[in-house]
Amino acid sequence: KRTKCVALTFDDGPGPYTGRLLDLLADAKARATFFTVGTSAAAQPGLLRRMSAEGHLIGNHSWSHRDLSKQPTSRIADSFERTKDIVRAAIGQEPTLARPPYGAVDEDVRDVAREMGLALVGWDVNTRDQPGAKASEIAKRAVEKAHPGAIILLHDINRGSVDAVPDILKELRGKGYTFVTVPELYGSAGMRAGRLYESGSLQSRKQPLT
Ligand code: NI
């Protein structure tokens, strides 16, 4: 029988709650994927080292969280490049995944990602964990919408999101889920640079192979 897996993804950090989140994930032996913003990563490289040392994956979430689909190709490349350099300096490895801010992907973003060896990652479970959202509501949305192969969107810069994590881990584990990084959802099939992945179970439903 195949293992039921979900990928928890945390965007926009590292931030003030990221250390606590790492404690929670370590206690639960759960792994996650962090899409870090370059400016924040540059400020807290120690947290990136900790993520990496504890088995989490670090992805590229641009340099300063602008909508890349509205930028010229050179700016898109520069935004990914600067963040890549920061991550490599911190953990000795370059990210192979990118999540464009707001999930905004266009042809230029795809082209740059392909050139830079970055697979693009969206999500298919939005917990709507904006600042001020209640932890109980965030957890409820995550648990109710989860399915095998789900990519769950959360933000480690929001207190409520991190407060929701113990319940998310407990409830989903109770349903038999294992928490893996995004590439682990795809296993030996791997992930291709320039392609957009939104779910591990429905991986090609929207996007043609390009
Ligand atoms: Ni973001």
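Reference entry: report on the structure contained in this document. Each chain has its residues counted from 1, running along the sequence as written. Confidence filtering applies because this is a predicted model: local features only for residues at pLDDT of at least 70, side-chain atom pairs given and counted only at 80 or more, and all residues used for totals across whole chains, interfaces and linings. The basis for the side-chain values is all heavy atoms of the structure; hydrogens and waters are excluded.

Description of the packing of helix H1 (residues 18-27) against helix H7 (residues 159-174)
In step 1: Orientation is described by axes fitted as lines to C-alpha atoms, over the contacting stretch for helices, and by angles from 0 to 180 degrees between their N-to-C directions. Numbered from the N terminus, helices here are DSSP runs of H or I no shorter than four residues, and strands are runs of E no shorter than two. Put simply, H1 and H7 touch, their axes get as near as 10 Å, and they point 5° apart. Our classification of the angle between H1 and H7 gives roughly parallel. Residues Arg20, Leu21, Leu24 and Leu25 of H1 pack against Arg159, Val162, Asp163, Val165, Pro166 and Leu169 of H7.
In step 2: Residue polarity follows a fixed list, in which Ala, Val, Leu, Ile, Met, Phe, Trp, Tyr, Cys and Pro are nonpolar, Asp, Glu, Lys and Arg are charged, and the others, Gly among them, are polar. Tallied by class, the residues present in the contact of H1 with H7 amount to seven nonpolar, no polar and three charged. In this scheme, roughly parallel covers angles under 35 degrees and roughly antiparallel covers those over 145, while 65 to 115 is roughly perpendicular and the rest are oblique. Contact criterion: two residues are considered in contact whenever any of their non-hydrogen atoms come within 4.5 Å of each other.

Observations concerning the pairing of strand E7 (residues 151-155)
Side-chain direction in a regular strand flips from residue to residue, so the side chains alternate between the two faces of the sheet.
In step 1: Using a 1.4 Å probe on the protein chains alone, a residue whose accessible area is under 20% of its type maximum counts as buried, one over 50% counts as exposed, and one in between counts as partly exposed. Counting buried positions along E7 yields five of five residues, so the element is predominantly enclosed.
In step 2: Alternating positions in E7 separate into two faces, Ile151, Leu153 and His155 on one and Ile152 and Leu154 on the other, with burial throughout.
In step 3: Pairing between strand E1 (residues 4-11) and E7: five bridges, direction parallel. Bridging across to E7, aspartate 11 finds its partner in histidine 155.
In step 4: Note: strand E6 (residues 125-126) against E7, two bridges, orientation parallel. When the sheet's bridge partners are listed, valine 125 is paired in E7 with isoleucine 152.
In step 5: Call a crossover right-handed when, viewed with both strands pointing away from you, the route from the first strand across the helix to the second goes clockwise. Assessed by its sense of winding, the connection that carries the chain from E6 through helix H6 (residues 135-145) to E7 is right-handed. Two strands make a pair as long as DSSP finds a minimum of two bridges between them.

Comments concerning the coordination of the nickel ion
In step 1: Donor atoms from the polypeptide that bind the nickel ion are Asp12 (OD), His61 (NE2) and His65 (NE2), placed at 2.0 to 2.1 Å.
In step 2: Distances define the donors: N, O and S atoms within 2.8 Å of the metal qualify, as do those within 3.2 Å of Na, K or Ca. Water is excluded, so some sites may look unfinished. If you list the donors of the nickel ion from N- to C-terminus, the spacing comes out as D-x48-H-x3-H. Separated by 49 residues along the polypeptide, aspartate 12 in the loop between E1 and H1 and histidine 61 in the loop between strand E3 (57-60) and helix H4 (73-91) bring together distant segments of the chain.
In step 3: Its relative accessible area of 2% is what places histidine 61 among the buried residues.

Thoughts on the packing of aromatic side chains
In step 1: Stacked, tilted and edge-to-face are the three classes applied to pairs of Phe, Tyr and Trp rings, where Trp contributes its six-membered ring and a pair requires centres within 6.5 Å; stacked means planes under 30 degrees apart, edge-to-face means over 60, and tilted covers the rest. Overall, the coordinates contain two aromatic pairs when judged by the stated rule.
In step 2: Taking the centre distance of 5.5 Å and the plane angle of 25° together, the rings of phenylalanine 10 and phenylalanine 34 count as stacked. Of the two residues, phenylalanine 10 is situated in strand E1 and phenylalanine 34 in strand E2 (residues 32-36); the sequence distance between them amounts to 24 residues. Across the pair, phenylalanine 34 and phenylalanine 10 agree in class, each one buried.
In step 3: On the basis of an interplanar angle of 65° and a centroid distance of 4.8 Å, the ring pair of tyrosine 186 and tyrosine 197 is categorised as edge-to-face. You can see tyrosine 186 sitting in helix H8 (residues 182-186) and its partner tyrosine 197 sitting in strand E9 (residues 196-197), a full 11 residues away along the chain.

Quick look at the packing of helix H3 (residues 45-53) against H4
In step 1: One can describe the packing of H3 onto H4 by two numbers: an axis separation of 8 Å at closest approach and a directional angle of 65°. Of the possible angle classes, the one that applies to H3 and H4 is roughly perpendicular. Note that H3 runs across H4; the crossing there is right-handed. Contacts between H3 and H4 involve Pro45, Leu48, Arg49 and Ser52 from the former and Val87, Ala90 and Ile91 from the latter. Left-handed is the label given to a crossing in which the near helix is rotated counterclockwise from the far helix by less than a right angle, and right-handed is the label when the rotation is clockwise.

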